[in-house]
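Survey of secondary and tertiary structure
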Amino acid sequence: MVKITEDNKGFYDAVYSVVMLIPKGKVTTYGHVAELVHRPANSRQVGSALKHSHLLISQLAAMDGDSVSYSYQGLPWQRVVGSGGKISPRSDSHGELEQVTRLRQEGVEVSEARVVSLDRYGWFPDEVSW
DNA sequence: CAAATGACAGGTA
DNA sequence: GTACCTGCCATTT
C-alpha cells in the first residue's frame, strides 16, 4: 500500500490542496491536477492519491498536524475525472457509482459513465482547458 | 534487480 | 465514436 514519505509528502499535500479548490458543480481531470502541482507526468499518481486519500491524509495529519488544511471527509474527490470526462473504472464498481451519485447531487450531469457538462473554467489560477 | 500494477493520457486504426 | 496501443512513473511483488 502507498505510504507518505519525506520524498512524496509534498506531492500528496499539493494534490489534496488543489482538489480542495475545485468548486461544487465543476470538475477537472487527473492530468490537470498533475499539471497544477507541477508534475505533469504523474497523472496516475494523482489517481492513486485519491484512491488512498483516507489513509494518506490521516498520515499527513499525524505528521504535520495543524498545517494540514484538508480532511478526508471534506475532500471533493468526485470532482476529478479522466480525460474527456470519463468516470474512471475501479476494481470494485462501488466507487464509480458513488462518484456519479455525488456529482449528480451537486448538479453535474453524467451520462454513460461520462461527465456531460464541461463547466470547468475560472476556478483556479488561469483559464485552463482540457 | 526485473516484472507487474494502476481512480491516467494521447495517438492511431 | 470506440478499441487498442504506447508512454508514463511511483509502488509493490
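Residues numbered from 1 in each chain as written. Chains lettered and ligands numbered in written order. Predicted model: local features only at pLDDT ≥ 70, side-chain atom pairs only at ≥ 80, totals over all residues. Heavy atoms only, no water.

Looking at an unreviewed UniProt entry, one finds chain A named 6-O-methylguanine-DNA methyltransferase and attributed to Diutina rugosa.

1. A word on the pattern of salt bridges
Put simply, the test is: Whenever a carboxyl oxygen of Asp or Glu lies within 4 Å of a side-chain nitrogen of Lys or Arg, that contact is scored as a salt bridge. Only DSSP runs of H or I covering at least 4 residues are called helices, and only runs of E covering at least 2 are called strands; the numbering of each starts at the N terminus.
Taken as a whole, this structure holds 3 salt bridges when the rule is applied. One salt bridge connects K9 with D64, and the closest N-O pair in it is separated by 3.3 Å. Of the two residues, K9 is situated in helix α1 (residues 9-21) and D64 in helix α4 (residues 53-64); the sequence distance between them amounts to 55 residues.

2. Here we look at the protein's contact with DNA strand C
Operational definition: One heavy atom suffices: a residue is near a molecule or strand as soon as one of its heavy atoms comes within 4 Å of it. Pairs of N or O atoms within 3.5 Å make up the polar contacts considered here, provided that, within protein, one atom can donate a hydrogen while the other can accept it, and that residues adjacent in sequence are counted only when both atoms are side-chain atoms. Throughout this entry, Asp, Glu, Lys and Arg are counted as charged residues, while Ala, Val, Leu, Ile, Met, Phe, Trp, Tyr, Cys and Pro are counted as nonpolar. The remaining residues, Gly among them, count as polar.
Every residue near DNA strand C is listed here: M1, V2, N8, Y12, R39, A41, N42, R44 and Q45. N8 places a side-chain nitrogen or oxygen 2.6 Å from a phosphate oxygen of DNA strand C. The residue inventory of the surface near DNA strand C, partitioned by class, reads 4 nonpolar, 3 polar and 2 charged.

3. Quick notes on the protein's contact with DNA strand B
The environment of DNA strand B is formed by 15 residues, the closest being Y30, G31, R44, S83 and S88. Backbone sugar and phosphate groups make up 45% of those atoms of DNA strand B lying within 4 Å of the protein. Separating a base nitrogen of DNA strand B from a side-chain N or O atom of Q45 is a distance of 3.2 Å. When residues of the surface near DNA strand B are traced back to their parent elements, those giving at least two are α2 (30-36) and α3 (43-51). Take the surface near DNA strand B: its biggest share by element is 6 residues, from α3. Its residues placed into classes, the surface near DNA strand B shows 4 nonpolar, 8 polar and 3 charged.

4. Looking at unusual backbone geometry
Despite not being glycine, H38 shows a phi value in the positive range, around 65 degrees. Tracing the backbone shows H38 in the loop between α2 and α3. Although it is not a glycine, E112 adopts a positive phi angle of roughly 55 degrees. Among the secondary structure elements, E112 is positioned in the segment after α5 (94-105).

5. Description of the packing of aromatic side chains
What counts is decided by this rule: Two rings from Phe, Tyr or Trp (for Trp, the six-membered ring) form a pair when their centres sit within 6.5 Å of each other. Planes less than 30 degrees apart are called stacked, planes more than 60 degrees apart edge-to-face, and all others tilted. Exposure classes here rest on a 1.4 Å probe applied to the protein chains alone. A residue is buried below 20% of its type maximum, exposed above 50%, and partly exposed in between.
For the structure on display, the rule yields 2 aromatic pairs. An angle of 70 degrees between the planes, with centres 5.4 Å apart, marks the rings of F11 and Y12 as edge-to-face. For the pair F11 and Y12, a shared accessibility class is recorded, and that class is buried.

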